[in-house]
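Structure at a glance
What follows is the residue order along each chain.
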Amino acid sequence: MSINTFISINNLDVKDAFNILKRINRVMPEFYNLQDQSVGMNLLKDTNNMLVLLNSKYSLLTTINTIQFIISLYQYYEPNCAQLLEYQDIENDLLSIYENPKSYSKMTLGEIEEFIELKIIDFTKGDTSYTKTRNLLLLALLSQYPLKLNDLINIKYISYEGAEFEEVFPNQLGIVKRDCEFYIVRNGKTIIEQKVDKIEYTPLHRVLMLYLSRFSRGTTLLSGIGGCKLTKSNISNGLVNFTRSELGYALSIHDVRNLHSTS
């Protein structure tokens, strides 16, 4: 189907749509083919690379508009692909940064870990709220594992005598407690692809213990009070607000994930 059909179905302004296509072509040549009115969606598969390219050339607002256009392209051409979820994660993070520009800054993983190590001491001593403890857990998880937002909202938690790692499947991600130790379990399309790693980072172990011992929740690790399911914006905005309040810097999920590739 041609790009003109896409523009018509989505009720887009023709001039604006073609300007965005040209903008994408400036960082990803050959994406849009003017002659046959087609787009090469395969050229957008590396979502992190695309974000870096857009950020290097355009303003934050222009990058957000371009990402939103790319999301519409994926919803039209490839609605079931993983890249659609990844671009939606990026959009959430960029919107959080745009809404909090004065408090946005970068930190290193080492500085984040130092903050976590100090904060868990304070949280253990005091009567800390559920939401703050959950957001500290989220930050601690991200400091050790570059997890995606779509995985974070569905982390399964299993803790009982005789629990098996296989019980996490078919969830992509899970935390299993066995013999007073925590394990992170990551699944592929089949149980054979399952990877299990013991959580060695002591502050993450401590914040898990604090969070799970003080507050009741369902089988989803990161949930609302009483176990209600959180939305993507609940989690992504929660981290931005928590880090802005406690650190003085607004850090998004995407920010922390990217630190793993630069450390």
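The coordinates are above.
Here we summarise the structure given alongside this text. What you see is a predicted model; the values in this text were computed from it and never measured.

Quick look at the pattern of salt bridges
- Summed over all chains, the structure comprises six salt bridges.
- One salt bridge connects Glu246 with Lys132, and the closest N-O pair in it is separated by 3.2 Å. With Glu246 in helix α10 (residues 232–246) and Lys132 in helix α7 (residues 130–144), this pair connects stretches of sequence that are 114 residues apart.
- According to the relative accessible area criterion, Glu246 is partly exposed, its value standing at 22%.
- A residue is classified by how much of its surface remains accessible, and Lys132, at 36% relative accessible area, is partly exposed.

Description of the side chain of Gln83
- Summarising the element assignment, Gln83 is placed in helix α5 (residues 82–99).
- Once residues lying within four places of it in the same chain are set aside, the contact partners of Gln83 are Leu44, Lys45, Thr47 and Tyr74.

Examining the packing of helix α6 (residues 109–125) against helix α9 (residues 202–214)
- Interaxial distance between α6 and α9 falls to 10 Å at its minimum, and their mutual angle equals 30°. Taken as axis vectors, α6 and α9 run roughly parallel relative to one another. With respect to the hand of their crossing, α6 and α9 are arranged in left-handed fashion. In this structure, α6 contributes Ile116, Glu117, Ile120, Ile121, Phe123 and Thr124 to the contact, and α9 contributes Pro203, Arg206, Val207, Leu210 and Arg214.
- Across the contact of α6 with α9, the residue classes tally to seven nonpolar, one polar and three charged.

As for the nonpolar core
- Ranked by size, the top nonpolar core spans 46 residues in total, and within it Leu137, Ile175, Leu204 and Leu221 carry the most contacts.
- If one sorts the elements of this core by residue count, α7 sits on top with eight residues.
- In contact with Leu137, other than residues within four places in its own chain, are Leu204, Val207, Leu208, Tyr211, Leu221 and Leu222.
- Within the second largest apolar cluster, 32 residues are counted, among which are Ile3, Tyr32, Ile70 and Ile90.

Parameters and conventions
- Counting starts from 1 at the beginning of each chain's written sequence and moves along it residue by residue.
- Local features in this predicted model are restricted to residues whose pLDDT is 70 or higher, and side-chain atom pairs enter the listing and the counts only when it is 80 or higher, whereas totals over whole chains, interfaces and linings include all residues.
- Only heavy atoms go into the side-chain values, all of them from the structure, while hydrogens and water stay out.
- For salt bridges, the criterion is a side-chain nitrogen of Lys or Arg within 4 Å of an Asp or Glu carboxyl oxygen.
- A helix here means a DSSP run of H or I that spans at least four residues, while a strand means a run of E at least two residues long, and both kinds are numbered starting from the N terminus.
- Only protein chains enter the accessibility calculation, which uses a 1.4 Å probe. A residue is then buried if its area is under 20% of the maximum for its type, exposed if over 50%, and partly exposed in between.
- Contacts between residues were defined by any pair of non-hydrogen atoms, one from each residue, lying within 4.5 Å.
- The angle between two axes is taken between their N-to-C directions and runs from 0 to 180 degrees, where each axis is a line fitted to C-alpha atoms and a helix contributes only its stretch in contact.
- Roughly parallel here means an angle under 35 degrees, roughly antiparallel means over 145, roughly perpendicular means 65 to 115, and every remaining angle is called oblique.
- When the near helix sits turned anticlockwise from the far one by under a right angle, the crossing is termed left-handed; a clockwise turn instead gives a right-handed crossing.
- Residues are grouped as follows: Ala, Val, Leu, Ile, Met, Phe, Trp, Tyr, Cys and Pro are nonpolar; Asp, Glu, Lys and Arg are charged; all remaining types, including Gly, are polar.
- In these notes, a set of buried Ala, Val, Leu, Ile, Met, Phe, Trp, Tyr and Cys residues joined through side-chain atoms within 4.5 Å is what counts as a nonpolar core.

Geometric values such as these leave the question of function open.
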